[in-house]
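Residue-level structural notes
Spelled out, the chains give:
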Amino acid sequence: MQFFVDTADIDEIRSLAETGLLDGVTTNPSLVAKTGRPFRDIVADICAVVDGPVSAEVTATQADAMIEEGRSLATIADNVTVKVPLTMDGLRACRTLSMEGTMVNVTLCFSANQALLAAKAGATYISPFIGRLDDIGLDGMELIAEIRAIYDNYGYETELLAASIRTVNHVKDCAIAGADVATIPPKIIRQLVSHPLTDKGLDAFLADWQKTGQSIL
Ligand code: E4P
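What you are looking at is a predicted structure, and each value in this text was computed from that prediction instead of being measured. (Residues numbered from 1 in each chain as written. Predicted model: local features only at pLDDT ≥ 70, side-chain atom pairs only at ≥ 80, totals over all residues. Heavy atoms only, no water.)

Looking now at the overall build of the protein. Scanning the protein from N- to C-terminus turns up 11 helices and eight strands. In terms of overall dimensions, the protein has a C-alpha envelope of 70 × 35 × 30 Å along the principal axes. Expressed as a percentage of its 217 residues, the buried residues of the protein come to 44%. Restricting the contact set of the protein to residue pairs at least 6 apart, pairs at least 24 apart contribute 57%. Summing over all exposed atoms, the protein offers an accessible surface of approximately 11,300 Å²; the carbon and sulfur share of this is 54%. Across the protein, the 17 positively charged side chains and the 29 negatively charged ones have centroids separated by 2 Å. (Helix = DSSP H or I, 4+ residues; strand = E, 2+ residues; numbered from the N terminus. Buried < 20%, exposed > 50% of the residue type's maximum accessible area, 1.4 Å probe, protein only. Contact = heavy atoms within 4.5 Å. Areas by Shrake-Rupley, 256 points an atom, 1.4 Å probe, with all protein chains shown as cover. Lys, Arg positive; Asp, Glu negative; His and termini not counted. Charge placed at Lys NZ, Arg CZ, Asp CG, Glu CD.)

Shown next as structure tokens:
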């Protein structure tokens with residue numbers, strides 16, 4: 001499973017890119033607003049740090065305007081993925097931009113039927129939002145499993161990009177369910193490495209090693 005980080009914070013992205021674990025980045029207008037920086041600068045900075053796909057979202061709501069914004073965003077760097085919302089206009093924009101060779105991430109997906117439409121529109125990625133479904137008492141992971149089954153039934157090449165991830169268990173469950181990608185907040189990526197038994201075991205090994213009085217080099 002590929003790991004994208006879900007943030008527009010360039011310092012976080014730089015630091016995670018150094019781990020070698022990062023395959024791409026997703027942003028959205030809310031994440032951009034949090035930075036207080038100009039959108040195009042943010043996208044250019046991220047694309048200079050990360051070779052993989054970098055999702056940048058259009059803010060127009062009519063297909064023609066989305067296409068114009070998408071074409072403009074795609075000029076920033078080769079790895080820009082244009083993000084469009086899952087509306088009929090978004091699907092029309094997805095079809096056009098995909099046919100032009102631009103990667104498209106269809107976002108704000110909350111149902112399997114929406115995901116089916118995105119695949120038919122030629123989306124590179126579909127972004128189902130797990131956490132926001134859980135927030136309203138539904139089961140976000142069930143949606144991931146449904147989309148996986150539908151895409152496999154018909155051999156759709158659209159990649160399943162699990163989004164709105166809130167916990168480390170979401171990440172594990174996405175991997176079990178066969179998501180192609182998970183876009184994960186920086187804090188959750190860092191939590192994935194932690195286990196109290198790892199810390200305890202390492203402390204014990206180092207204490208015992210000290211007792212030997214040896215050094216490896
Ligand atoms: C996906 O691309 C979105 O940016 C993101 O995952 C939304 O997550 P949230 O529901 O935590 O805002």
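Next comes the rest of the account.
This brings us to the packing of aromatic side chains. Tallied over the full model, the rule gives four aromatic pairs. A centroid spacing of 6.1 Å and a plane angle of 45° characterise the contact between tyrosine 154 and tyrosine 156, whose relative ring orientation is tilted. Since its relative accessible area comes to 61%, tyrosine 154 is described here as exposed. Accessibility expressed as a relative area gives 25% for tyrosine 156, which makes it partly exposed. Clustering of aromatic rings is evident, with ring pairs tying together Tyr151, Tyr154 and Tyr156. (Phe/Tyr/Trp six-rings, centres within 6.5 Å; stacked < 30°, edge-to-face > 60°.)

Moving on, we get to the layout of surface pockets. Which parts of space are left empty comes out when a probe the size of a water molecule is rolled across the atoms. In this structure, the largest pocket occupies an estimated 290 Å³ of space. Looking at the largest pocket, it is lined by 19 residues, and the ones nearest its centre are Asp6, Asn28, Leu31, Arg132 and Ser164. For the lining of the largest pocket, the leading source of residues is helix α2 (residues 29–35), giving three residues. Of the residues contributing to the lining of the largest pocket, the split by class is six nonpolar, eight polar and five charged. (1 Å grid on protein atoms, 1.4 Å probe; cavity = no way out; pocket = protein on both sides within 12 Å on 5 of 7 lines; lining within 4 Å. Points joined across faces, edges and corners; volume = space filled by probe spheres on them. Nonpolar A, V, L, I, M, F, W, Y, C, P; charged D, E, K, R; others polar.)

Turning next to the sheet that holds strand β3 (residues 54–57). Taken together, eight strands build a closed barrel; the order of strands is β1-β2-β3-β4-β5-β6-β7-β8 and the barrel is parallel. Across this sheet, the average inter-strand angle for adjacent strands is 30°, counted without regard to direction. Taken together, the three bridges between strand β1 (residues 2–6) and strand β2 (residues 24–26) define a ladder with parallel strand orientation. Bridge assignment links aspartate 6 to a residue of β2, and that residue is threonine 26. Its contacts with the sheet put helix α6 (residues 112–120) on β5 (103–109) and β6 (125–128), and the angle it makes with β5 is roughly 165°. (Pairing = 2+ DSSP bridges. Axes fitted to C-alpha atoms, helices over the stretch in contact; angles between N-to-C directions.)

What follows deals with the nonpolar core. Of all hydrophobic cores here, the largest spans 59 residues; its most connected members are Val80, Val84, Val106, Ile126, Ile147, Ile165 and Ile184. Top element by residues in this core is helix α8 (residues 140–154). It accounts for six residues. (Core = buried A, V, L, I, M, F, W, Y, C linked by side-chain atoms within 4.5 Å.)

What follows covers the packing of α6 against α8. Between α6 and α8, whose axes approach to 9 Å, the crossing angle comes to 40°. The orientation of α6 with respect to α8, classified from their angle, is oblique. As α6 runs across α8, the sense of the crossing is right-handed. Here Ala112, Ala115, Leu116 and Ala119 of α6 come into contact with α8, specifically with Leu143, Glu146, Ile147, Ile150 and Tyr151. Here the residues of the contact of α6 with α8 sort into eight nonpolar, no polar and one charged. (Parallel < 35°, antiparallel > 145°, perpendicular 65-115°, else oblique. Left-handed = near helix turned anticlockwise from the far one by under 90°.)

Positionally, serine 55 belongs in strand β3. You can call serine 55 buried: its relative accessible area is 2%. If near-sequence neighbours (up to four positions away) are discounted, serine 55 is found in contact with Val25, Thr26, Thr27, Thr81, Lys83 and Asn105.

Contacts to the ligand come from Asp6, Thr26, Asn28, Lys83, Phe129, Arg132, Ala163, Ser164 and Arg166. Here an oxygen atom of the ligand sits 3.0 Å away from a polar atom, N or O, in the side chain of arginine 166. Considered on its own, the ligand offers 340 Å² of accessible surface; in the complex 86% of this is hidden by protein. Given that more than half its atoms are within 2 Å of the pocket grid, the ligand belongs to the largest pocket. (Near = heavy atom within 4 Å. Polar contact = N/O pair within 3.5 Å; in protein donor to acceptor, adjacent residues only side chain to side chain. Sits in = over half its atoms within 2 Å of the grid points.)

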